[in-house]
Amino acid sequence: MTAVETVAHALREGILDGRPGAGEPLREAALTTRFGVNRHTVRAALQMLAAERLVTFEAYRGARVRSFSDADVLALMEYRTAIEVEALRLLRTRSASEPRPPDAVIAANEALRRACAARPHDQRRIEQTHADLHHAIVAAAGSPRLLEAHAGLLAELGLFMVQLRSVLPPEELISQHDRLVDALLRDHAETELRAHLTHSAEQLVALRCTAG
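These numbers were taken from a predicted model, which means no experiment stands behind them. Starting from 1, residues in each chain are numbered consecutively following that chain's sequence as written. Only residues with pLDDT of at least 70 get local features here, since the model is predicted, and only at 80 or more are side-chain atom pairs given and counted; chain-wide, interface and lining totals rely on the full set of residues. Side-chain measures here rest on the full set of heavy atoms in the structure, leaving out hydrogens and waters.

J.: Quick question: what am I supposed to make of the packing of aromatic side chains here?
T.: Each pair of aromatic rings is reported with the distance of its centres and the angle of its planes. Stacked, tilted and edge-to-face pairs are distinguished by plane angle, under 30 degrees for stacked and over 60 for edge-to-face with tilted covering the rest, among Phe, Tyr and Trp rings (Trp via its six-membered ring) whose centres lie within 6.5 Å. Per the counting criterion, the structure on display carries one aromatic pair. Residues F68 and F160 carry aromatic rings whose centres are separated by 5.8 Å and whose planes lie at 85° to one another, so their mutual orientation is edge-to-face. In this pair, F68 sits in the loop between β3 (62–65) and α4 (70–94) while F160 sits in helix α8 (residues 154–162), placing the two residues 92 residues apart along the sequence. There is no split in this pair, since F68 and F160 are both buried. Helix and strand definitions follow DSSP, with helices as H or I runs of at least four residues and strands as E runs of at least two, each counted in order from the N terminus. Each residue is placed in one exposure class: buried if its accessible area under a 1.4 Å probe, protein chains only, is under 20% of its type's maximum, exposed if it is over 50%, and partly exposed if it falls in between.

Right, dumping it as structure tokens:
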């Protein structure tokens, strides 16, 4: 990796681990010292993360870890729903004669269950397997363009899940996704998926209201 990519990777991993947290500053001077690079490299890395919607820039205040506003949550939910529901529609159309969800989706859900059961305090691992499950559902639709669009959301969805940690315990995550995968090829699949995504958005909005 280039120096810019190396710095961006390290910062991305930290942000998706929850350190630093939402709204915390990312000061260029401190980062140049930490990574032993110049400010141009740090600034380019921060711009890369801003393109992934992990970082925001504020006039006279510099870069900060992104904190979702209510409008941000709604916009992400709408875009994510458009991608995942269309992927589900294609999957059901192409799997009309299949009695069960694709093996890759079942395997991804089992991986999520194992992560929640074996490492309930390893939140990053749980969030990664959660992202893998939703990506597997989109991949199963067989649409490269939908998969590409969903891949572009993964970092932002990771940050979304970081900010949901306090209200989404592992056991609830398992229950939600068991229902989702079970419904995948059933007539109410789209309704279940929409309800699942809407519930996640509502949880984060409620959390923000409580914190505020």
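Once the structure has been displayed, the description carries forward.
J.: Help me out: how do you make sense of the packing of helix α6 (residues 123–140) against helix α9 (residues 170–183) in this one?
T.: Between two packed helices, the angle of one axis relative to the other and the distance separating the axes together describe the packing. Fitted lines through C-alpha atoms give the axes, limited to the stretch in contact for helices. The angle between two N-to-C directions lies from 0 to 180 degrees. Where α6 contacts α9, the axes come no closer than 12 Å and their chain directions differ by 10°. Taken together, α6 and α9 sit at an angle that is classed as roughly parallel. Contacts from I126, H130, L133, H134 and I137 in α6 reach P170, L173, H177, L180 and V181 in α9. Split by residue class, the contact of α6 with α9 holds seven nonpolar, three polar and no charged. If an angle is under 35 degrees, it is roughly parallel; if it is over 145, roughly antiparallel; if it lies from 65 to 115, roughly perpendicular; otherwise it is oblique. A contact between two residues is defined here by any heavy atoms of the two lying within 4.5 Å. Three classes are used, and their members are as follows: Ala, Val, Leu, Ile, Met, Phe, Trp, Tyr, Cys and Pro are nonpolar, Asp, Glu, Lys and Arg are charged, and the others, Gly among them, are polar.

J.: Just checking my understanding: could you explain the pairing of strand β2 (residues 55–58) for this structure?
T.: A regular strand carries its side chains on alternate faces of the sheet. Pairing analysis gives four bridges linking β2 to β3, with the strands arranged antiparallel. Of the residues in β3, the one forming a bridge with E58 is G62. Two strands form a pair only when DSSP identifies at least two bridges running between them. Where β2 folds back on β3, the antiparallel hairpin that results is connected by three residues, among which Y60 adopts a positive phi of roughly 70°.

J.: What is the right way to read the packing of helix α5 (residues 103–118) against α6 from this model?
T.: Interaxial distance between α5 and α6 falls to 9 Å at its minimum, and their mutual angle equals 170°. Classified by the angle their axes make, α5 and α6 are roughly antiparallel. Side by side, α5 and α6 meet where A104, V105, A108, N109, A111, L112, A115 and C116 of the first sit next to R125, I126, T129, H130, D132, L133, A136, I137 and A140 of the second. Class assignment of the residues belonging to the contact of α5 with α6 gives a composition of twelve nonpolar, three polar and two charged.

J.: Can you walk me through the layout of surface pockets in this structure?
T.: If a probe as big as a water molecule is rolled over the atoms, it shows which places are left empty. Cavity: a set of points on a 1 Å grid over the protein atoms alone where a 1.4 Å probe fits but cannot get out. Pocket: an open set with protein on both sides within 12 Å along at least five of seven lines, its lining residues, like those of a cavity, having an atom within 4 Å of a point. Grid points are joined across faces, edges and corners, and a volume is the space filled by probe spheres set on the points. A volume near 230 Å³ is recorded for the largest pocket. What lines the largest pocket is simply R12, L16, R124, E127, Q128, A131, D132, H135, L154, A155, G158 and V162. Elements represented by at least two residues in the lining of the largest pocket include exactly α1 (3–16), α6 and α8. The biggest single contributor to the lining of the largest pocket is α6, with six residues. In this structure, the second largest pocket spans a volume of roughly 160 Å³. Forming the boundary of the second largest pocket are 13 residues, of which Q123, R165, L168, P169 and P170 lie nearest the centre. For the lining of the second largest pocket, the secondary structure elements donating two or more residues are α6 and α9. Per-element accounting of the lining of the second largest pocket gives the leading share, three residues, to α6.

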